[in-house]
Amino acid sequence: MEQTPTVRRKPTIRDVAAAAGVSRGTVSRVINGGHWVSPDARAAVDEAIRRTGYTANHAARSLATGRAGSLAFLMTEPQHLLFDDPTFALLLRGAAEALSKRGMTLVLLIAGTPAERANVAHYVSAGHVDGVLLISSHEADPLLESLLDAGIPTVACGVPLGHHAEVLSVSVDEAGSARAMTAHLRAQGHRRIAMIAGPDDTPGGRFRLVGFREEMGVDFDPSLVEVGDYSLESGATAMERLLARSHDIDAVFAASDLMAAGAVQALRRAGLRVPADVAVAGFDDSGLAATHEPPLTTMRQPWEQLSERMVTLLLDAIDGRAVEPVVLPTSLVVRASA
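Residues numbered from 1 in each chain as written. Predicted model: local features only at pLDDT ≥ 70, side-chain atom pairs only at ≥ 80, totals over all residues. Heavy atoms only, no water.

**Examining the sheet that holds strand 12 (residues 331-333)**
Spatial strand order, 7-6-8-9-10-12: 6 strands in an open sheet with mixed pairing. Each edge of the open sheet carries a strand with a single partner, namely strand 7 (225-227) and strand 12. Sheet twist, expressed as the average angle between the axes of neighbouring strands with direction ignored, equals 20°. In this sheet, strand 10 (residues 297-300) lies alongside strand 9 (residues 279-284) in parallel orientation, the contact comprising 4 bridges. In the sheet register, A281 faces strand 10, and the bridge partner there is T297. Seen against the sheet, helix 9 (residues 203-216) touches strand 6 (193-197), strand 7, strand 8 (251-254) and strand 9 and runs at an angle of roughly 165° to strand 6. (Pairing = 2+ DSSP bridges. Helix = DSSP H or I, 4+ residues; strand = E, 2+ residues; numbered from the N terminus. Axes fitted to C-alpha atoms, helices over the stretch in contact; angles between N-to-C directions. Contact = heavy atoms within 4.5 Å.)

**Notes on empty space enclosed by the protein**
On inspection of all chains with the given rule, the structure shows 1 cavity of 30 Å³ or more. In this model, the largest cavity occupies a volume close to 40 Å³. Taken together, D85, P86, S256, D257, L258, D284, S286 and L288 make up the lining of the largest cavity. Per-class residue counts for the lining of the largest cavity are 3 nonpolar, 2 polar and 3 charged. (1 Å grid on protein atoms, 1.4 Å probe; cavity = no way out; pocket = protein on both sides within 12 Å on 5 of 7 lines; lining within 4 Å. Points joined across faces, edges and corners; volume = space filled by probe spheres on them. Nonpolar A, V, L, I, M, F, W, Y, C, P; charged D, E, K, R; others polar.)

**Some thoughts on unusual backbone geometry**
In this structure, the amide linkage connecting V274 to the following residue, P275, adopts the cis form with an omega of 10°. Its location among the elements puts P275 in the loop between helix 11 (257-269) and strand 9. Across the junction of E293 and P294, the peptide omega takes the value 0°, indicating a cis bond. Along the chain, the position of P294 falls in the loop between helix 12 (288-291) and strand 10. Of note, the phi angle at Y230 is positive, near 80°, even though the residue is not glycine. Checked against the element boundaries, Y230 lands in the loop between strand 7 and helix 10 (232-245). Its identity as a non-glycine residue notwithstanding, D285 has a phi of 55°, on the positive side. Inspection of the secondary structure assignment puts D285 in the loop between strand 9 and helix 12.

Below, the structure is given as C-alpha coordinates:
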(Lines give C-alpha, C1' and ligand atoms only; values in the text may rest on other atoms or scores of the structure.)
Protein backbone atom coordinates (compact mmCIF):
# COMPACT_ATOMS: atom_id res chain seq x y z
CA MET A 1 0.00 0.00 0.00
CA GLU A 2 1.41 3.35 -1.03
CA GLN A 3 1.88 5.79 1.84
CA THR A 4 1.19 9.50 1.60
CA PRO A 5 4.45 11.40 2.02
CA THR A 6 4.73 13.51 5.16
CA VAL A 7 5.17 17.23 4.59
CA ARG A 8 7.43 18.71 7.23
CA ARG A 9 6.16 21.95 8.73
CA LYS A 10 8.48 24.91 8.30
CA PRO A 11 10.10 25.81 11.66
CA THR A 12 8.97 29.07 13.26
CA ILE A 13 10.41 31.41 15.87
CA ARG A 14 8.24 29.60 18.43
CA ASP A 15 10.18 26.39 17.68
CA VAL A 16 13.52 28.17 17.97
CA ALA A 17 12.52 29.79 21.26
CA ALA A 18 11.42 26.45 22.71
CA ALA A 19 14.64 24.77 21.62
CA ALA A 20 16.79 27.58 23.02
CA GLY A 21 14.81 28.01 26.23
CA VAL A 22 14.27 31.75 25.63
CA SER A 23 11.36 34.00 24.69
CA ARG A 24 10.23 34.69 21.14
CA GLY A 25 11.27 38.31 21.68
CA THR A 26 14.86 37.22 22.35
CA VAL A 27 14.91 35.12 19.19
CA SER A 28 13.50 38.05 17.20
CA ARG A 29 16.23 40.36 18.52
CA VAL A 30 18.93 37.86 17.56
CA ILE A 31 17.74 37.41 14.00
CA ASN A 32 17.25 41.18 13.61
CA GLY A 33 20.79 42.07 14.59
CA GLY A 34 21.52 40.57 17.98
CA HIS A 35 21.37 43.87 19.89
CA TRP A 36 20.63 43.82 23.64
CA VAL A 37 21.01 40.04 23.88
CA SER A 38 23.49 38.36 26.21
CA PRO A 39 26.25 36.26 24.61
CA ASP A 40 24.87 33.10 26.23
CA ALA A 41 21.36 33.74 24.96
CA ARG A 42 22.63 34.53 21.48
CA ALA A 43 24.70 31.34 21.42
CA ALA A 44 21.67 29.32 22.53
CA VAL A 45 19.51 30.87 19.81
CA ASP A 46 22.14 30.35 17.13
CA GLU A 47 22.41 26.68 18.11
CA ALA A 48 18.61 26.29 18.15
CA ILE A 49 18.37 27.84 14.70
CA ARG A 50 20.93 25.34 13.44
CA ARG A 51 19.12 22.38 15.03
CA THR A 52 15.62 23.35 13.93
CA GLY A 53 16.59 24.46 10.44
CA TYR A 54 14.80 27.79 10.86
CA THR A 55 15.33 30.33 8.08
CA ALA A 56 13.96 33.88 7.83
CA ASN A 57 12.63 34.91 4.44
CA HIS A 58 14.17 38.26 3.56
CA ALA A 59 14.08 37.73 -0.21
CA ALA A 60 11.85 40.71 -0.85
CA ARG A 61 14.09 43.13 1.01
CA SER A 62 16.63 45.38 -0.61
CA LEU A 63 19.90 43.56 -1.19
CA ALA A 64 21.82 46.79 -0.61
CA THR A 65 20.33 47.77 2.76
CA GLY A 66 18.70 44.61 4.08
CA ARG A 67 15.58 46.74 4.61
CA ALA A 68 12.31 47.12 2.73
CA GLY A 69 12.09 50.82 3.60
CA SER A 70 8.45 50.52 4.60
CA LEU A 71 6.24 49.78 7.59
CA ALA A 72 2.78 48.22 7.65
CA PHE A 73 -0.22 49.99 9.18
CA LEU A 74 -2.20 46.90 10.15
CA MET A 75 -5.88 47.03 11.13
CA THR A 76 -7.42 43.79 12.36
CA GLU A 77 -10.94 45.13 11.89
CA PRO A 78 -13.59 45.09 9.12
CA GLN A 79 -12.73 47.38 6.22
CA HIS A 80 -15.64 49.78 6.73
CA LEU A 81 -14.30 50.88 10.13
CA LEU A 82 -11.40 52.65 8.44
CA PHE A 83 -13.99 55.12 7.11
CA ASP A 84 -16.65 54.93 9.83
CA ASP A 85 -14.40 55.39 12.88
CA PRO A 86 -12.42 58.65 12.75
CA THR A 87 -9.78 57.34 15.19
CA PHE A 88 -8.31 55.05 12.53
CA ALA A 89 -8.04 57.87 9.99
CA LEU A 90 -6.22 60.04 12.54
CA LEU A 91 -3.72 57.29 13.32
CA LEU A 92 -3.22 56.51 9.63
CA ARG A 93 -2.56 60.16 8.77
CA GLY A 94 -0.13 60.54 11.67
CA ALA A 95 1.80 57.42 10.72
CA ALA A 96 1.99 58.46 7.06
CA GLU A 97 3.34 61.89 8.03
CA ALA A 98 5.89 60.39 10.44
CA LEU A 99 7.23 58.01 7.78
CA SER A 100 7.20 60.63 5.03
CA LYS A 101 9.57 62.75 7.11
CA ARG A 102 11.89 59.77 7.25
CA GLY A 103 11.71 59.00 3.53
CA MET A 104 9.86 55.73 4.15
CA THR A 105 6.65 54.21 2.80
CA LEU A 106 3.52 53.25 4.74
CA VAL A 107 1.66 50.15 3.57
CA LEU A 108 -2.00 49.89 4.62
CA LEU A 109 -3.09 46.34 5.46
CA ILE A 110 -6.57 45.36 6.64
CA ALA A 111 -7.18 41.93 8.15
CA GLY A 112 -10.79 41.70 9.26
CA THR A 113 -11.51 38.20 7.94
CA PRO A 114 -9.66 34.87 8.23
CA ALA A 115 -8.70 35.03 4.55
CA GLU A 116 -7.36 38.57 4.92
CA ARG A 117 -5.39 37.56 8.03
CA ALA A 118 -3.78 34.67 6.16
CA ASN A 119 -2.83 36.94 3.25
CA VAL A 120 -1.40 39.58 5.59
CA ALA A 121 0.62 37.01 7.54
CA HIS A 122 2.14 35.72 4.28
CA TYR A 123 2.86 39.24 3.01
CA VAL A 124 4.66 40.55 6.07
CA SER A 125 6.54 37.28 6.65
CA ALA A 126 7.95 37.53 3.13
CA GLY A 127 9.92 40.63 4.12
CA HIS A 128 7.93 43.23 2.19
CA VAL A 129 7.90 45.49 5.27
CA ASP A 130 10.44 46.08 8.03
CA GLY A 131 7.88 46.06 10.81
CA VAL A 132 4.22 46.34 11.75
CA LEU A 133 2.23 49.11 13.40
CA LEU A 134 -0.61 47.05 14.88
CA ILE A 135 -3.45 49.52 15.19
CA SER A 136 -6.14 47.32 16.69
CA SER A 137 -5.38 44.24 18.72
CA HIS A 138 -7.68 41.61 20.15
CA GLU A 139 -6.88 39.04 22.79
CA ALA A 140 -6.03 35.59 21.35
CA ASP A 141 -5.71 37.02 17.82
CA PRO A 142 -4.07 34.35 15.62
CA LEU A 143 -2.54 37.04 13.40
CA LEU A 144 -0.54 38.45 16.30
CA GLU A 145 0.68 34.94 17.03
CA SER A 146 1.77 34.67 13.40
CA LEU A 147 3.70 37.95 13.62
CA LEU A 148 5.46 36.75 16.77
CA ASP A 149 6.29 33.37 15.26
CA ALA A 150 7.71 35.04 12.15
CA GLY A 151 9.83 37.45 14.21
CA ILE A 152 8.28 40.55 12.65
CA PRO A 153 9.12 43.66 14.72
CA THR A 154 5.74 44.93 15.93
CA VAL A 155 4.45 47.84 17.98
CA ALA A 156 0.82 47.81 19.09
CA CYS A 157 -1.47 50.77 19.65
CA GLY A 158 -2.74 49.92 23.12
CA VAL A 159 -1.47 47.20 25.43
CA PRO A 160 -1.88 43.88 23.54
CA LEU A 161 -3.85 41.66 25.89
CA GLY A 162 -2.07 38.39 26.57
CA HIS A 163 1.14 39.60 24.90
CA HIS A 164 2.20 42.68 26.86
CA ALA A 165 5.55 41.07 27.73
CA GLU A 166 6.30 40.13 24.11
CA VAL A 167 4.99 43.05 22.06
CA LEU A 168 5.99 46.68 22.41
CA SER A 169 3.13 49.15 22.70
CA VAL A 170 2.22 52.82 22.75
CA SER A 171 -0.90 53.32 24.81
CA VAL A 172 -2.81 55.78 26.94
CA ASP A 173 -3.60 55.30 30.62
CA GLU A 174 -6.94 53.61 29.95
CA ALA A 175 -7.96 52.92 33.56
CA GLY A 176 -6.69 56.27 34.85
CA SER A 177 -8.54 58.10 32.08
CA ALA A 178 -11.79 56.32 32.92
CA ARG A 179 -11.35 57.15 36.60
CA ALA A 180 -10.89 60.83 35.69
CA MET A 181 -14.08 60.92 33.61
CA THR A 182 -16.09 59.07 36.24
CA ALA A 183 -14.80 61.43 38.95
CA HIS A 184 -15.89 64.38 36.77
CA LEU A 185 -19.42 62.99 36.45
CA ARG A 186 -19.65 62.33 40.18
CA ALA A 187 -18.40 65.85 40.91
CA GLN A 188 -21.37 67.15 38.89
CA GLY A 189 -23.67 65.40 41.35
CA HIS A 190 -24.47 62.31 39.28
CA ARG A 191 -24.86 59.05 41.21
CA ARG A 192 -26.68 56.58 38.92
CA ILE A 193 -23.95 56.49 36.31
CA ALA A 194 -24.11 53.85 33.57
CA MET A 195 -21.27 52.75 31.33
CA ILE A 196 -21.22 51.56 27.74
CA ALA A 197 -17.95 49.64 27.60
CA GLY A 198 -16.02 48.41 24.58
CA PRO A 199 -15.34 44.73 23.80
CA ASP A 200 -13.55 42.95 26.64
CA ASP A 201 -10.97 41.47 24.26
CA THR A 202 -9.62 44.96 23.52
CA PRO A 203 -7.47 47.02 25.92
CA GLY A 204 -9.81 50.01 25.76
CA GLY A 205 -12.83 47.86 26.42
CA ARG A 206 -11.31 46.08 29.38
CA PHE A 207 -9.31 48.77 31.17
CA ARG A 208 -11.76 51.67 30.76
CA LEU A 209 -14.35 49.51 32.51
CA VAL A 210 -11.81 48.73 35.24
CA GLY A 211 -11.24 52.43 35.85
CA PHE A 212 -14.96 53.17 35.91
CA ARG A 213 -15.61 50.37 38.40
CA GLU A 214 -12.74 51.49 40.62
CA GLU A 215 -13.90 55.12 40.73
CA MET A 216 -17.53 54.18 41.38
CA GLY A 217 -16.47 52.05 44.35
CA VAL A 218 -19.44 50.88 46.44
CA ASP A 219 -21.80 52.71 44.06
CA PHE A 220 -20.82 50.47 41.15
CA ASP A 221 -23.90 48.64 39.81
CA PRO A 222 -23.14 45.87 37.29
CA SER A 223 -26.68 46.15 35.91
CA LEU A 224 -25.75 49.62 34.64
CA VAL A 225 -23.02 48.28 32.33
CA GLU A 226 -23.57 47.37 28.69
CA VAL A 227 -20.99 46.43 26.05
CA GLY A 228 -20.78 47.83 22.53
CA ASP A 229 -18.29 47.51 19.68
CA TYR A 230 -17.28 51.21 19.58
CA SER A 231 -19.81 51.94 16.81
CA LEU A 232 -22.66 54.46 16.87
CA GLU A 233 -25.24 51.71 16.38
CA SER A 234 -23.95 49.66 19.29
CA GLY A 235 -24.03 52.73 21.54
CA ALA A 236 -27.70 53.31 20.72
CA THR A 237 -28.58 49.65 21.31
CA ALA A 238 -26.69 49.59 24.60
CA MET A 239 -28.47 52.74 25.79
CA GLU A 240 -31.86 51.24 24.94
CA ARG A 241 -31.04 48.17 27.02
CA LEU A 242 -29.91 50.31 29.94
CA LEU A 243 -33.11 52.36 29.85
CA ALA A 244 -35.19 49.18 29.75
CA ARG A 245 -33.57 48.06 33.01
CA SER A 246 -33.38 51.34 34.91
CA HIS A 247 -35.41 54.56 34.87
CA ASP A 248 -33.18 56.59 37.19
CA ILE A 249 -29.93 56.78 35.19
CA ASP A 250 -28.63 60.34 35.41
CA ALA A 251 -25.34 59.98 33.47
CA VAL A 252 -23.70 57.70 30.91
CA PHE A 253 -19.99 57.22 30.19
CA ALA A 254 -19.34 55.60 26.81
CA ALA A 255 -15.93 54.12 25.92
CA SER A 256 -15.93 55.91 22.55
CA ASP A 257 -17.39 59.11 21.15
CA LEU A 258 -19.27 57.15 18.50
CA MET A 259 -21.01 55.08 21.18
CA ALA A 260 -21.72 58.26 23.14
CA ALA A 261 -23.37 59.76 20.05
CA GLY A 262 -25.44 56.60 19.68
CA ALA A 263 -26.48 56.88 23.33
CA VAL A 264 -27.65 60.46 22.73
CA GLN A 265 -29.81 59.26 19.83
CA ALA A 266 -31.43 56.57 21.99
CA LEU A 267 -32.04 59.00 24.86
CA ARG A 268 -33.74 61.46 22.53
CA ARG A 269 -35.96 58.74 21.10
CA ALA A 270 -36.98 57.96 24.68
CA GLY A 271 -37.95 61.59 25.23
CA LEU A 272 -34.99 62.42 27.47
CA ARG A 273 -32.86 65.57 27.20
CA VAL A 274 -29.05 65.71 27.18
CA PRO A 275 -27.70 66.91 29.54
CA ALA A 276 -30.80 68.14 31.43
CA ASP A 277 -32.12 64.63 32.11
CA VAL A 278 -29.07 62.45 31.41
CA ALA A 279 -25.48 63.62 31.02
CA VAL A 280 -23.42 61.82 28.36
CA ALA A 281 -19.62 61.55 28.12
CA GLY A 282 -17.37 59.81 25.63
CA PHE A 283 -13.76 58.90 24.96
CA ASP A 284 -11.35 59.82 22.09
CA ASP A 285 -12.02 63.44 20.99
CA SER A 286 -11.25 62.46 17.41
CA GLY A 287 -13.30 65.26 15.84
CA LEU A 288 -16.86 63.98 16.25
CA ALA A 289 -17.15 65.16 19.87
CA ALA A 290 -16.56 68.84 19.07
CA THR A 291 -19.08 68.93 16.19
CA HIS A 292 -21.78 66.82 17.83
CA GLU A 293 -24.97 68.45 19.12
CA PRO A 294 -24.62 68.91 21.98
CA PRO A 295 -20.80 68.93 21.93
CA LEU A 296 -19.53 65.92 23.85
CA THR A 297 -17.54 65.95 27.04
CA THR A 298 -14.79 63.39 26.44
CA MET A 299 -11.30 62.13 27.26
CA ARG A 300 -8.92 63.35 24.58
CA GLN A 301 -6.29 60.95 23.33
CA PRO A 302 -3.02 62.62 22.20
CA TRP A 303 -3.46 61.88 18.52
CA GLU A 304 -0.51 64.07 17.54
CA GLN A 305 1.81 61.88 19.58
CA LEU A 306 0.40 58.35 19.27
CA SER A 307 1.39 57.62 15.66
CA GLU A 308 4.72 59.44 15.90
CA ARG A 309 5.72 57.57 19.03
CA MET A 310 4.67 54.24 17.50
CA VAL A 311 6.80 54.86 14.41
CA THR A 312 9.78 56.01 16.49
CA LEU A 313 9.53 53.04 18.86
CA LEU A 314 9.26 50.54 16.00
CA LEU A 315 12.22 51.98 14.09
CA ASP A 316 14.30 52.03 17.28
CA ALA A 317 13.46 48.36 17.85
CA ILE A 318 14.37 47.49 14.26
CA ASP A 319 17.69 49.30 14.68
CA GLY A 320 18.41 47.36 17.86
CA ARG A 321 18.16 50.25 20.31
CA ALA A 322 16.94 49.75 23.87
CA VAL A 323 13.18 50.25 23.88
CA GLU A 324 10.37 50.23 26.44
CA PRO A 325 6.56 50.46 26.15
CA VAL A 326 5.22 54.02 26.12
CA VAL A 327 2.18 55.24 28.08
CA LEU A 328 0.81 58.68 27.16
CA PRO A 329 -1.57 60.85 29.20
CA THR A 330 -5.08 61.84 28.15
CA SER A 331 -6.91 65.05 29.03
CA LEU A 332 -10.46 65.75 30.13
CA VAL A 333 -12.32 68.01 27.69
CA VAL A 334 -15.52 69.40 29.22
CA ARG A 335 -18.28 70.41 26.82
CA ALA A 336 -22.07 70.83 26.95
CA SER A 337 -23.12 67.14 27.14
CA ALA A 338 -21.82 66.60 30.68
